[in-house]
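Summary of the model geometry
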Amino acid sequence: MTDQPSSPSSVRAEDDFDPVSALSSRFRVALSRAFSDLPDAHAAAQGADPLISPSRNRQFGDFQSNAAMPLAKVAGMPPREVAKRIIRHLDLGDLAEPITEASIAGPGFINITLRASALSRLLGVLDAPDLGLPPLPADQRRTVVVDLCGVNLAKQMHVGHLRSIIIGDCVARAIERVGHRVVRQNHVGDWGLPIAMVTDKLMRMRAGGEDIDRLDLDAIEKIYKAAQADCAADERGLAAARRWWSHPKAMAELETQVSGAREALASAKATLVKLQSGDEATRRVWQRIADTTMRECLSVCARLGADVRAEHSAGESSYADELETLVKDLLDRGVAEIDDGAVVVRVVGIEEPCIVRKSEAGGGGFLYATTDMAAIRRRVRGLGASRVVYCVDARQGLHFKQVFGAAIRAGYADLPSGEHASLEHAAFGTILGQDGRPFKTRSGENVKLTSLLNEAAARAGEAVAAKNPDLAPGEAAVIAETVGVAAIKYADLSSDRIKDYVFSFDRMLSFEGNTGPYLLYAVVRIRSIFRKAAERGIDDSASDRASFGIAAPEEKDLALALLRYPASVRAVADHLEPHRLCQYLYDLASAFSAFVTNCPVLQAPDDATRRSRLELCRLTDRVMSDGLTLLGIRPLDRM
RNA sequence: GUCCCGGUAGCUCAGUUGGAUAGAGCAGCCGCCUUCUAAGCGGCAGGUCGGGCGUUCGAAUCGCCCCCGGGACGCCA
């Protein structure tokens, strides 16, 4: 969901390493000249997109332009005639083989075959330190807030957090990589009645003489669940029991339970008030919960290779002091109105209004929509964001629609330019178990991330030991951990994020096909070649950097794949779709595997070929490693 | 009931702005290791793109209607 179209992160006038943009600019020139005698067609062709895309089938060349067909109608001539006019004015220079009428195929496709010399030159341009993704000029550089992780206090890290961390981290890295300033925000659920319930229970435990400082997160989570159960009054059950004249004993039990729950709830509410008013003793216990939770959260993020650190935390509690004035501001300016006693903001196009304050009858408290509006205001005004990306479960879709609409209506997303910040929900689907139901343990509990990671590492360890028994135990352990984490992350990132996906250790760790381990293996093979080269005394130093010689079909395919890298990264940054980079890296790894099985590197027929192929290996390693890093996966030397 | 998201090969998934004969991987079958890790490469087979109607030179892609699955729907977060 995007409330305004996200602009391309950066499209330079001449991306000269990218064949698509090089060909596009040549075609634009031809299009602007092809219809100078026909005013209508001329006008249409001026702004027309050359529609350059990689050919799907090799028999049609390397690239094709589909520009002729859409212009045929307005030009009033058959599309093949349009194509003929275009190629008559087309000058591809030494970029491609000559374009003739034989290049026009089907209804009017113009097929283009790049020259080997051009590929070689383009690779040379790509082979710069920034790999085709240079720093942005200041006027194009934006500040982007990425909302990710979003843990709750007093709860273990479980699969429900996995996608937000993995996708959020990847999206943040990609946006950063194309040159923007990224501010990560971990919107920690650390406020409100549920947290007050645990705090309350812990305080009573301490008053009873228990040493609560010894409790780990596991213990705290159990207390959290117990506290919730304590407060869950079965009011309806009691009412129904009274109405139906239930057995006195059952009635009595229900009454006891309900009155106990009312007591616990009242106590928790009192603790909430103390917490909100800054009572020191209460605050200390709350802080203890927060510290324990965050220590665990950050260590799991670190293990996942996700850049989520303490300084990224912006808990709901940090907005608490702003909510009162925020709601007043909304009411004062007529943005909000009273409805059934509650304060709501209506958003055009959405039936349900956004509730920012409960009615008096409901307690008059604030809701998570209130906090989210305060967060938007701080992110745009305080942090200077012109784009805010929420990596949050798809089920929050309506909530974000409401909050985004309300924040925009309130002017909280306004930028100095007069436009408003782009607020985007990078929604993702649910992780399912083999049964197609949300992924849970056999007993119905959430699967803890630590146990998930442990199992992945253990299974990866078995596979690594079987495939490569020569590794030293210490290195093998590191490799197992990296491979296991990579398998989980890649499985999460490689399909369209909006869809649910079925979690399967067997598939993600099968190490065949489109998996994390396959990509790691491609890099390992490259590095193995360089190790062998060093053993054989082959000088691969860059002092006399060889040029890229493109002759074999596998070399050409590899070259074409390499040149697509910058566009793939931009696709992730612009559209928040990590699976496009995954697909790209899989294509590149496949192209490399085909290359390496058919084109001997160290035993190449001649010295120039060997040096050229080594350069292809080196560049492939750089692109693969850069791309894997953007996915949050650490490349390996061996596995 | 209203709204959102899915439905593509036996299974898991890609499919860019509407472009050529809808692509991968797994599973199945057939080849390829005295040579840089076979965790690999090549090939065969496998499809009413949920269904229908429409728009278009051209539809998996756009529009409308239906079917199936999941989800969300005012004072929880």
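For the structure itself, look to the data block above.
From a predicted model like this one, the values you see are computed outputs, not experimental measurements.

With that settled, the discussion passes to the protein's contact with RNA strand B. With respect to spatial proximity, 67 residues lie near RNA strand B, and among them Lys-358, Tyr-368, Phe-511, Tyr-521 and Ser-528 are the closest. Restricting attention to atoms of RNA strand B within 4 Å of the protein, one finds that 60% of them are sugar or phosphate atoms. In this structure, a phosphate oxygen belonging to RNA strand B sits 3.2 Å away from a side-chain N or O atom of Lys-73. Between RNA strand B and Leu-602 there is a distance of 3.4 Å, counted from a base oxygen to a backbone nitrogen or oxygen. Of all the elements in the fold, those that place two or more residues in the surface near RNA strand B are α3 (68–75), β4 (109–112), α14 (397–410), α15 (449–467), β13 (501–502), α18 (516–535) and α21 (578–598). Per element, the largest residue contribution to the surface near RNA strand B is eight residues, and it comes from α21. Of the residues contributing to the surface near RNA strand B, the split by class is 31 nonpolar, 17 polar and 19 charged.

In this section: helix α13 (residues 368–382). A rise of 1.5 Å per residue sets the reference length of α13, with its 15 residues, at 21 Å; its end C-alpha atoms lie 20 Å apart and thus fit the reference within 8%. For α13, the full list of buried residues reads Ala-369, Thr-370, Thr-371, Asp-372, Met-373, Ala-374, Ala-375, Ile-376, Arg-377, Arg-379 and Val-380. Looking one or two residues past α13, Gly-384 carries a phi angle of roughly 80 degrees, positive in sign.

Moving on, we come to unusual backbone geometry. In this model, Ala-154 sits at a positive phi of 70 degrees, which is unusual for a non-glycine residue. By secondary structure assignment, the location of Ala-154 is in the loop between β5 (143–147) and α6 (159–177). The exposure class assigned to Ala-154 is buried, which follows from its relative accessible area of 0%. Notably, Asp-340 is not glycine yet its phi reads approximately 55 degrees, a positive angle. Topologically, Asp-340 is positioned in the loop between β7 (336–339) and β8 (342–345). By relative accessible area, which is 77% here, Asp-340 ends up exposed.

A separate point is the side chain of Asp-169. Examined against the element boundaries, Asp-169 turns out to sit in helix α6. Of the residues examined, Asp-169 reaches a relative accessible area of 0% and is grouped as buried. Within the structure, the side chain of Asp-169 is placed 2.7 Å from the side chain of Arg-184, a separation counted as a polar contact.

As a further point, take the pairing of β7. Relative to β8, β7 runs antiparallel, the two being bridged by four bridges. Residue Ala-336 lies in a different strand from β8, and its bridge partner there is Val-345. Hairpin connection from β7 to β8: two residues lie between these consecutive antiparallel strands, with Asp-340 at a positive phi of about 55 degrees.

The rules behind the values
Along each chain, residue indices are assigned from 1 in the same order as the chain's sequence is written. Each chain takes a letter, starting from A, and each ligand takes a number, starting from 1, following the order in which they are written. Totals for whole chains, interfaces and linings use every residue, but because this is a predicted model, local features are given only for residues with pLDDT of at least 70 and side-chain atom pairs only at 80 or more, for both listing and counting. The side-chain quantities take in all heavy atoms of the structure and omit both hydrogens and water. Nearness is judged by heavy atoms alone; a residue qualifies as near a molecule or strand once a single heavy atom is within 4 Å of it. Polar contact is the term for a pair of N or O atoms within 3.5 Å; when the atoms are in protein, one must be able to donate a hydrogen and the other to accept it, and sequence-neighboring residues count only if both atoms are side-chain atoms. What counts as a helix is a DSSP run of H or I of at least four residues, what counts as a strand is a run of E of at least two, and both are numbered from the N terminus. Note that Gly is not counted as nonpolar here; it falls among the polar residues with everything else outside the nonpolar set of Ala, Val, Leu, Ile, Met, Phe, Trp, Tyr, Cys and Pro and the charged set of Asp, Glu, Lys and Arg. One less than the number of residues in a helix, times 1.5 Å, gives the span that helix is expected to have. In this scheme, a residue with accessible area under 20% of its type's maximum is buried, one over 50% is exposed, and one in between is partly exposed, where area comes from a 1.4 Å probe on protein chains only. Strand pairing follows a simple DSSP-based rule, namely that at least 2 bridges must link the two strands.

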